[in-house]
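Chain by chain, the residues:
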Amino acid sequence: MEIIETDVAIVGAGGAGLRAAIALAQAEPALRVALISKVYPMRSHTCAAEGGAAGVTKPDDSFDLHFDDTVGGGDWLSDQDCVEYFVREAPKELLQLEHWGCPWNREADGSVAVRPFGGMKKQRTWFAADKSGFHILHTLFQTSLQFPSITRFDEYYALDLLTDDGRCQGLTAMEMRSGLIKQFNAKAVIIAGGGAGRMFPFTTNGAIKTGDGMALAYRAGVPLKDMEFVQYHPTGLPNTGSLLTEACRGEGGVLVNKHGRRYLQDYGMGPETPLGKPQLKTMELGPRDRVSQAYWHEVQKGNTVSTKWGECVLMDMRHLGEKTINARLPLVRELAISYLGVDIVTDAVPIRPVVHYMMGGISTNTQAATTLPGLFAAGECACVSLNGANRLGSNSLTELLVFGKRAALSAIEHIQGLPAANTAALQARALESQARIRELFSRTDGNESMSGLRKEMMDTMEKNVGIYRHEAGLREAVDAIAALRERYGRVVLNDKSNVFNTDLFQVLELGCMLDCAQALTVSALARNESRGAHQRLDHTERDDRNYLRHSMAWYRGAEAPRLDYLDVVVTKSPPGVRDYSGDHK
Amino acid sequence: MSRRPYVREVSKTRWYFKHPRYLRYMSREITCIFIGAFALLLLCALGRLADGQASYESFLAALQGPWSIFGLLVVLIFAVHNATSWFNVTPKAMPVQIGEEFLPGRYVVVAHYAVWIVVSLAVLFFAGAF
Amino acid sequence: MNARIVQLDVLRYDPEADSEPRFQRYVVPCAEEWVVLDALNAIKESIDPTLNYRWSCHMAVCGSCGMMINGEPKLSCHAFLRDYAGVIRVEPLANFPIERDLITVADDFIDKLKRVKPYLIPARNEPVPEGEYKQTPAQLMKYRQFSMCINCMLCYAACPEYALQPMFLGPAAIALAHRYNLDSRDGGRDERQEVIASHAGVWDCSFVGACSEVCPKAVDPAGALQQVKVASTIDWFKEHLLPGSGK
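Once a new chain begins, its residue numbering starts again from 1 and follows that chain's sequence as written. Each chain gets a letter, beginning with A, and each ligand a number, beginning with 1, in the order they are written. For this predicted model, a pLDDT threshold of at least 70 governs which residues receive local features, and a threshold of 80 or more governs which side-chain atom pairs are given and counted, while totals over whole chains, interfaces and linings are taken from all residues. By convention in this description, side-chain values take in all heavy atoms of the structure and omit both hydrogens and water.

## Some thoughts on the overall build of chain A
Formally: Secondary structure counts use DSSP, requiring at least four H or I residues in a row for a helix and at least two E residues in a row for a strand, with both numbered from the N terminus. Note that the radius of gyration is over C-alpha atoms, with the globule rule given as 2.2 Å times the number of residues to the power 0.38. Note on classification: 1.4 Å probe, protein chains only; a residue is buried when its accessible area is under 20% of the maximum for its type, exposed when over 50%, partly exposed between these limits. Here the open area of atoms and residues is found with the Shrake-Rupley method and a 1.4 Å probe, where only the protein chains shown may cover a residue. Under the counting rule used here, the positive set is Lys and Arg, the negative set is Asp and Glu, and His together with the chain ends is not counted. We put the charge of a Lys on NZ, of an Arg on CZ, of an Asp on CG and of a Glu on CD.
On a plain count of helices and strands, chain A comes out with 15 helices and 24 strands. In terms of overall dimensions, chain A is globule-like: its C-alpha atoms have a radius of gyration of 23 Å, near the 25 Å expected for 585 residues. Dimensions of chain A along its principal axes, counting C-alpha atoms only, are 70 × 55 × 50 Å. The 585 residues of chain A split such that 68% are buried. Counting every atom, chain A has about 17800 Å² of accessible surface; 50% of that belongs to carbon and sulfur. Counting 64 positive and 70 negative side-chain charges, chain A places the averaged centre of each group 1 Å from the other.

## Some words on the sheet that holds strand β9 (residues 167-175) of chain A
Residue and element names in this part refer to chain A. Selection rule: Whether two strands pair comes down to DSSP finding at least two bridges between them. Every angle, taken between N-to-C directions, lies between 0 and 180 degrees, and every axis is a line fitted to C-alpha atoms, over only the stretch in contact when it is a helix. Residues are treated as being in contact if the distance between any of their heavy atoms lies within 4.5 Å.
Strands sit in the order β1-β10-β9-β8 across an open sheet of 4 strands; the sheet is mixed. The open sheet terminates on both sides in strands that have one partner only, identified here as β1 (3-5) and β8 (156-164). When the angles between neighbouring strand axes are averaged without regard to direction, this sheet yields 25 degrees. With respect to the sheet, helix α11 (residues 423-442) is in contact with β1, β8, β9 and β10 (180-185), its orientation differing from that of β8 by roughly 140 degrees. Of the strands in this sheet, β8 and β9 are in contact with helix α14 (residues 502-526), which crosses β8 at around 50 degrees.

## What about the packing of helix α5 (residues 212-219) of chain A against α14(A)?
Residues and elements named next belong to chain A. What counts here: Note that the term roughly parallel is reserved for angles under 35 degrees, roughly antiparallel for angles over 145, roughly perpendicular for angles of 65 to 115, and oblique for everything else. Should the near helix be turned counterclockwise from the far one by less than a right angle, the crossing is left-handed, whereas a clockwise turn marks it as right-handed. The nonpolar class holds Ala, Val, Leu, Ile, Met, Phe, Trp, Tyr, Cys and Pro. Asp, Glu, Lys and Arg form the charged class, and all remaining residues, Gly among them, are polar.
The geometry of α5 relative to α14 is characterised by a closest axis approach of 9 Å and an angle of 70 degrees between their N-to-C directions. One finds that α5 runs roughly perpendicular with respect to α14. Crossing hand, α5 versus α14: left-handed. Residue-level contacts link Asp 212, Met 214, Ala 215, Tyr 218 and Arg 219 of α5 to Glu 509, Gly 511, Cys 512, Asp 515, Cys 516 and Ala 519 of α14. Classifying every residue of the contact of α5 with α14 gives 6 nonpolar, 1 polar and 4 charged.

## Let's talk about the interface of chain A and chain C
For an interface, size is often stated in terms of accessible area lost upon the parts coming together. Using the following cut-off: Two parts placed together each lose some accessible area under a 1.4 Å probe, and adding up what both lose gives the buried area. We define a salt bridge as a side-chain nitrogen of Lys or Arg found within 4 Å of a carboxyl oxygen belonging to Asp or Glu.
Across the boundary between the two partners, chain A contributes 66 residues, which contact 66 residues of chain C. Of the roughly 5300 Å² buried between chain A and chain C, counting both surfaces, carbon and sulfur atoms make up 54%. Contact with chain C buries area across many residues of chain A, yet A:Arg43, A:His99 and A:Tyr339 alone supply 14% of it, more than any other trio. Here chain A and chain C share 6 salt bridges between them.

## Some words on empty space enclosed by the protein
Residue and element names in this part refer to chain A. Rules: Think of a 1 Å grid over just the protein atoms. A cavity is a set of points where a 1.4 Å probe fits yet cannot get out, a pocket is an open set with protein on both sides within 12 Å along at least five of seven lines, and lining residues have an atom within 4 Å of a point. Grid points are joined across faces, edges and corners, and a volume is the space filled by probe spheres set on the points.
Inspection of the entire model under this criterion finds 7 cavities of 30 Å³ or more. Put simply, the largest cavity is a space of about 710 Å³. In terms of lining residues, the largest cavity is bounded by 50 residues, among which His 45, Thr 46, Gly 194, Lys 209 and Glu 380 are the most central. Of all the elements in the fold, those that place two or more residues in the lining of the largest cavity are α1 (15-27), β3 (33-37), β8, α5, β17 (349-358) and α10 (395-415).

## Focus on the pairing of strand β3 (residues 66-69) of chain C
Residues and elements named next belong to chain C. The alternating pattern of β3 places Gly 66 and Met 68 on one face and Met 67 and Ile 69 on the opposite face, and all of these are buried. The pairing of β3 with strand β4 (residues 72-75) spans 4 bridges and is antiparallel. Note on β4: the bridge partner recorded for Met 68 is Pro 73. Where β3 folds back onto β4 in an antiparallel hairpin, the turn is made up of 2 residues, including Asn 70, whose phi is positive at roughly 50 degrees.

## Let's talk about the state of the cysteines
Here is the rule: Only a pair of cysteine sulfur atoms within 2.5 Å counts as a disulfide in this structure description.
For the structure on display, the rule yields 0 disulfides over all chains. Distance from the sulfur of A:Cys312, which forms no disulfide, to the nearest cysteine sulfur (A:Cys248) is 15 Å. Residue classification places A:Cys312 among the buried residues on the basis of a relative accessible area of 0%. Free of any disulfide, C:Cys215 has its nearest neighbouring cysteine sulfur in C:Cys152, separated by 6.3 Å. Judged by relative accessible area, which is 19%, C:Cys215 ranks as buried.

## Some remarks on the sheet that holds strand β7 (residues 150-154) of chain A
Backbone hydrogen bonds hold the strands of a sheet together, and the pairing may be parallel or antiparallel. All names here are of chain A. As summarised here, the arrangement of the 5 strands in space is β7-β3-β2-β11-β19, forming an open sheet in which the pairing is parallel. Since the sheet does not close on itself, it has two edges, and those belong to β7 and β19 (375-377), each with one partner. Taken over all neighbouring pairs, the strand axes of this sheet differ in orientation by 20 degrees on average, direction set aside.

## Concerning the pairing of strand β23 (residues 549-554) of chain A
All names here are of chain A. For β23, the buried fraction is high: 5 of the 6 residues fall into the buried class. Sheet topology note: the strand β12 (residues 224-225)/β23 ladder contains 2 bridges and is antiparallel. The residue bridging Lys 225 from the neighbouring strand is Met 552, located in β23. Judged from the 6 bridges that link them, β23 and strand β24 (residues 562-567) form a sheet pairing that is antiparallel. Residue pairing across strands places Ala 553 opposite Leu 563, the latter belonging to β24.

## Some details on the pattern of salt bridges
One pass over the full model with this rule turns up 80 salt bridges over all chains. The network of salt bridges with common partners includes A:Asp75, A:Asp226, A:Glu228, A:Asp289, A:Arg527, A:Glu529, A:Arg531, A:Arg542, A:Asp544 and A:Arg578.

Shown next as structure tokens:
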């Protein structure tokens, strides 16, 4: 097995991974950085983010306000020391991106423009048309090309972390086009592998969002934190699940039911604001969890439009006018026309909430360090926790930058004065990893279909772990996922080639998703309260006495995960009421 | 090593038959042969002119034969095709930005045609056509 | 769901089993509004799990799923079945070696992208804490179109120059260099000129224009290349005709 010696290995080359690589290259040009990704960096799902990245810039805005919006938006499950760090770093990171060439939209005087976004009291979302994630990703990727210390390993699938002496010291990864497994010896590993929205059938997420990074850490003994908190983006296309950015509502788009009523006012987000004049933090600019939950209630009441892809509400942007739409929402217009045959200039577009983001993930502290020394994580795969029980739109793109950099700095600190690696031990671990794959190739006596198991997983997640949950459904999901994990051991590869075998990769990805789904369902069943994106029909109130804590799921192999809890860090904002009505103070 | 990337051959002589847009491109490029031939003809005309009036006039008489007229018409068609196909793509090479907008390409194209017509008329005028 | 039975002829290639690529016919029920990618996914899920192709976002922004559909370079997530009749021919992206099935070897493109120095080389090195480089909306619009490239490589598949002259840098790489040249914050044009205003650079281009015709994001790489030619020519004249401007 080829052994690659490096100083820091980064798994995942999206926004967080690239930012970490650049930070390492700039801070310590002598350090060797191995940037490992299962796709070419520009394919990373960061490219699909549309709306923008939040950072305080306007004179009437403040770190305190961004802090309050984030902590309240997260229903007080965010760790407040982390949020304080984040809001301070945010503008610096966005300015750094600008200096690297990011084409932020501008005001007439040449300064960077900001737009309103959901759950934010002030306008602080920097944006690049409605392709902010795309431009951020490409700016980072192109910037990374100038650093010789970064060596990329494109289309390498990470298999297992190598741990010895209580430290993470590398990983194994398969070169996808040859099937060769290689051992990466590293003094530190940063995981930036993204979320796992593909556990669900209706999602904005691309094919690659299968929780590989989360599973990597989880199986190495690092807890997955707050996995039960899954964000539904309120406005996705009903057939493909494609994202229609929150900026549609930021620019003034409104949500109506089949009677033409702007129904959000019936769910504590009123009074109705004038058409085309959205008011921050209320009505259509309420937080995503509340807006998605309102949809669910409208479905129960029979107020939604029935389409062949299910129940929908309508998003009306006609009053914005063609000029504004072409300038600020061109991608949205193109998506709706191409995939749904609806022109938002002339018609209201049917939409429904779709799974979009995972607030939970690899447990880290504010320094992006996990419980395993030498292992760090950043981006959607990590849970610091910045986003708590519900993420505000446009905080995530900034999160990639702030914690991508932070993880790099923490890795540099960790590397100082490390004892020499036990090469024999690491090699033994690597061979175990290889054996796992060999076993999969040589298995002939299985009777399970990978796509069949995947469909069953998605069905139970959709049915039982949706916007609203209850105990019976969650128990069913817990049992179903546990059974699927057991049956997974009898999946046989249909494709036995070594060369770019996507059957193999999909089987491995399914394994990661099942592990993540198990952590998710177990955590959800145990949380007997409603908070943010986790809503229980049988426990409708928030319970700060028992649950102002993070769920921590610990891997136990074939067994269900062990669950315990970690207190939320509260600094200056005691749990309050989330008030998104127009008359709030 | 299991990899064996397969390189697909591209015919150096028949690649343009693969798609109509390549044939269109070749039709534009081929015009250069006819325009080049016409340029040679003009050189001959200059040579004949230097030889004296009789030589030049017999040259002009030869040009009025039916095959010659036919040939010159063919050259004219290709020259027009050359001019129009190039005019139509010049906006790509010279974007005109006014404020935040760009001048629509057709203005640039129309300007080219306008200049062409004016210059042609001027040449004809000085040649005594009217 | 209205099922429409679609037939696809897909070019298969497994280097461990095949000496050369061969077509395989699939018959798959599809919904009316599907794209070719949906058909491929249906095949892989229920008919032939050994079929291999790249894809991710399904919204024409990640650039993964480029392939030849009826001989035309397209993103399979943006090739609507309603636009095709009869048997649909699906092949890997032209002008790149085939790795496996519909997956090509993209190394040459990645290498060329890097060579043009596609990153901001600041004209004035102002420290970040002083704030953003000012850039008016008009200055932003000057280059924005060329920043939209999703690196899908459809333009390389369409370009006959790239097909016949493999050294050619190609449309996307040069268009990206042009994007930075036009950025008001950038001062790196001279560095990039060495690479792009060279024989394997822009002067290999004979303005076929196929690249711009197939570009799914209307980047107009052909326009970018011609603009680079114009700018380079002006440079040459300035250098040779104007006194004192020689380098």
